[in-house]
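Take a look at the letters that make up each chain.
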Amino acid sequence: MQLKLKLIVLAAAVAATAGVALAQEQVVKIGHVAPLSGPQAHYGKDNENGARMAIEELNTQGISIGGKKIKFELQAEDDAADPKQGAAVAQKLCDSHVAGVIGHLNSGTTIPASKIYNDCGIPMVTGSATNPNLTKPGYKTTFRIIASDSTLGAGLADYAAEQLKLKTVAVIDDRTAYGQGVAEVFKKTAIAKGIKVVDEQFTTDKATDFMAILTAIKAKNPDAVFYGGMDPQAGPMLRQMEQLGMVRMKFFGGDGACTIELIRLSGNAKTLDNVICAEGGASLAKMPGGLAWKAKYDAKYPGQYQIYAPYVYDATMLMVDAMKRANSADPKVYLNELAKSNFKGVTTTIVFEPNGEMKNPPFTLYSFKGGKKTPL
């Protein structure tokens with residue numbers, strides 16, 4: 001009887017200790033937003049995979065902040081690459097009191113969402129939205145860890161003029177914040193470099209038939225076509241250029257068209273050999289931890305890698321690093337530490353300018369000769 005009583009007392013003590021330990025554990029929610037439905041879902045899933053990898057790794061590290069053991073949870077949301085849905089999701093994350101947001105993927109969704117996050121005081125870090133207008137309002141909660149279109153568009157135009165000695169180009173954009181932004185930077189830089197823009201055409205980020213605009217461009221016979229937009233349009237465009245016999249024209253694109261998926265979407269068209277695209281950051285082989293990270297990613301998510309996942313992974317790790325340095329997951333407290341980051345990530349060392357842009361962001365040009373994405 002006495003032994004039984006001792007066991008009951010001991011069990012109660014263990015339960016009480018477990019209860020205290022449980023009470024001391026704090027759940028910290030981090031939001032992630034990208035298109036998980038629609039034609040850009042392959043980008044969105046890739047981004048979410050990067051965030052999940054980071055969250056899972058962080059939860060194995062036994063991190064304590066403010067005297068409490070932390071369990072991180074990812075609140076993943078779908079904005080379908082639609083600005084209105086992006087704004088609605090941003091408000092939902094504010095109402096959910098997440099500690100921070102990783103995303104959004106597209107500039108068209110990130111720009112309106114950034115104001116909402118600023119108004120509710122939640123830091124957001126994007127590893128993929130590249131329109132320069134994102135940081136122009138000067139929100140203290142907005143951060144970008146990838147080169148903007150000012151870098152990518154200008155870099156492509158420099159290459160076209162200085163290396164390829166091209167004289168004429170036609171410009172197409174998809175009328176989104178991203179597509180228009182990168183096309184405008186390319187056009188301005190190309191003109192400054194002495195390249196003549198012989199035609200400008202517009203499409204949408206839902207279109208798949210480009211025969212009419214390509215036929216109009218073919219009549220002007222430019223040396224190259226620049227497309228500001230994403231791979232669901234760039235792929236069919238390359239296929240239709242081949243059908244129209246436009247097999248000698250160079251095809252330039254920003255990071256939205258610079259994916260491995262472009263090979264499949266183009267049907268491995270001959271025009272793939274003419275593609276030159278720009279991607280923010282170094283190539284995986286030149287990233288400090290790129291190849292080792294990619295091996296882990298492929299083991300976990302085989303066949304799903306696109307382009308931005310390592311940046312989203314770094315964005316998540318960067319945000320938590322700021323929480324650790326501030327010894328708080330409260331956005332009002334750790335925001336200052338986030339701005340002061342000097343974080344050695346998988347992609348590069350991340351240091352911010354006062355406006356939330358990265359200092360000296362690297363970028364890489366790629367070709368697709370032989371049906372393989374290769375850094376130039």
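The name an unreviewed UniProt entry gives the protein is Extracellular ligand-binding receptor, with Verminephrobacter eiseniae as the organism. Check the Sequence similarities (unreviewed entry) section of the UniProt entry for the protein; it says "Belongs to the leucine-binding protein family."

Asker: I keep staring at the pairing of strand β8 (residues 196–202) and nothing clicks. Help me out?
Answerer: Residues in a regular strand project their side chains so that they alternate between the two faces of the sheet. Sheet analysis places strand β7 (residues 168–173) next to β8, joined by six bridges and oriented parallel. Counterpart to V169 in the pairing with β8 is V197. Traced from β7 through helix α6 (residues 177–192) to β8, the parallel crossover comes out right-handed.

Asker: Could you clarify how one ought to interpret helix α3 (residues 83–95) in this entry?
Answerer: Side chains that are three or four residues apart share a direction in an α-helix, a result of its 3.6 residues per turn. Along its 13 residues, α3 runs 18 Å from first to last C-alpha, staying within 8% of the 18 Å computed at 1.5 Å per residue. Every buried residue of α3 is listed here: G86, V89, A90, L93 and C94. Angular distribution of buried residues about the axis of α3 spans 145°; they occupy a single face of the element. More than 90 degrees from the buried face of α3, the exposed residues found are K84 and D95. Where α3 is buried, its residues meet β1 (26–34), β3 (68–78), β4 (100–102) and α4 (107–120). Trailing α3 by a residue or two, H97 shows a phi angle of about 60°, which is positive.

Asker: I tried to follow the packing of helix α2 (residues 41–58) against helix α11 (residues 309–326) on my own but got confused; where do I start?
Answerer: Each packed pair of helices is defined by two parameters, the angle between the axes and the distance between the axes. For the pair α2 and α11, interaxial distance at closest approach is 7 Å and the crossing angle is 40°. Remark: the crossing between α2 and α11 carries right-handed chirality. Across the interface between the two elements, D46, N47, G50, A51, M53, A54, I55, E57 and L58 from α2 touch A309, V312, Y313, T316, M317 and V320 from α11. Residue classes in the contact of α2 with α11 are distributed as ten nonpolar, three polar and two charged.

Asker: Quick question: what am I supposed to make of the environment of Q306 here?
Answerer: Mapping Q306 onto the fold places it in the loop between α10 (290–300) and α11. Judged by relative accessible area, which is 6%, Q306 ranks as buried. Taking C-alpha positions, Q306 is 22 Å from P83, a pair spaced 223 residues apart along the chain. With residues near it in sequence (within four places) discarded, Q306 still touches H42, Y43, D46, T259 and E261.

Asker: Sorry if this is basic, but what is going on with the packing of aromatic side chains here?
Answerer: Any pair of aromatic rings gets described here by the distance separating the centres and the angle formed by the planes. One pass over the structure, following the stated rule, counts nine aromatic pairs. Taking 4.9 Å as the distance between ring centres and 55° as the angle between the ring planes, the aromatic pair formed by F143 and F352 counts as tilted. In this pair, F143 is assigned in strand β6 (residues 142–144) and F352 in the loop between β13 (349–351) and β14 (363–367), connecting sequence segments 209 residues apart. Taking the centre distance of 6.3 Å and the plane angle of 70° together, the rings of W293 and Y305 count as edge-to-face. Placement of W293 in helix α10 and of Y305 in the loop between α10 and α11 is noted, with a sequence separation of twelve residues between them. Among the aromatic side chains, those forming a connected cluster through ring pairs are W293, Y297, Y301, Y305 and Y313. Lying over the aromatic face of Y366, K373 brings its terminal NZ or CZ to 4.6 Å of the ring centre.

Parameters and conventions
Residues numbered from 1 in each chain as written. Predicted model: local features only at pLDDT ≥ 70, side-chain atom pairs only at ≥ 80, totals over all residues. Heavy atoms only, no water. UniProt positions renumbered as here; feature names shortened; annotations may be inferred. Pairing = 2+ DSSP bridges. Helix = DSSP H or I, 4+ residues; strand = E, 2+ residues; numbered from the N terminus. Right-handed = clockwise from strand over helix to strand, strands pointing away. Expected span 1.5 Å × (residues − 1). Buried < 20%, exposed > 50% of the residue type's maximum accessible area, 1.4 Å probe, protein only. Arc of directions from axis to C-beta. Contact = heavy atoms within 4.5 Å. Axes fitted to C-alpha atoms, helices over the stretch in contact; angles between N-to-C directions. Left-handed = near helix turned anticlockwise from the far one by under 90°. Nonpolar A, V, L, I, M, F, W, Y, C, P; charged D, E, K, R; others polar. Phe/Tyr/Trp six-rings, centres within 6.5 Å; stacked < 30°, edge-to-face > 60°. Lys NZ or Arg CZ within 6 Å of the ring centre and 35° of its normal.

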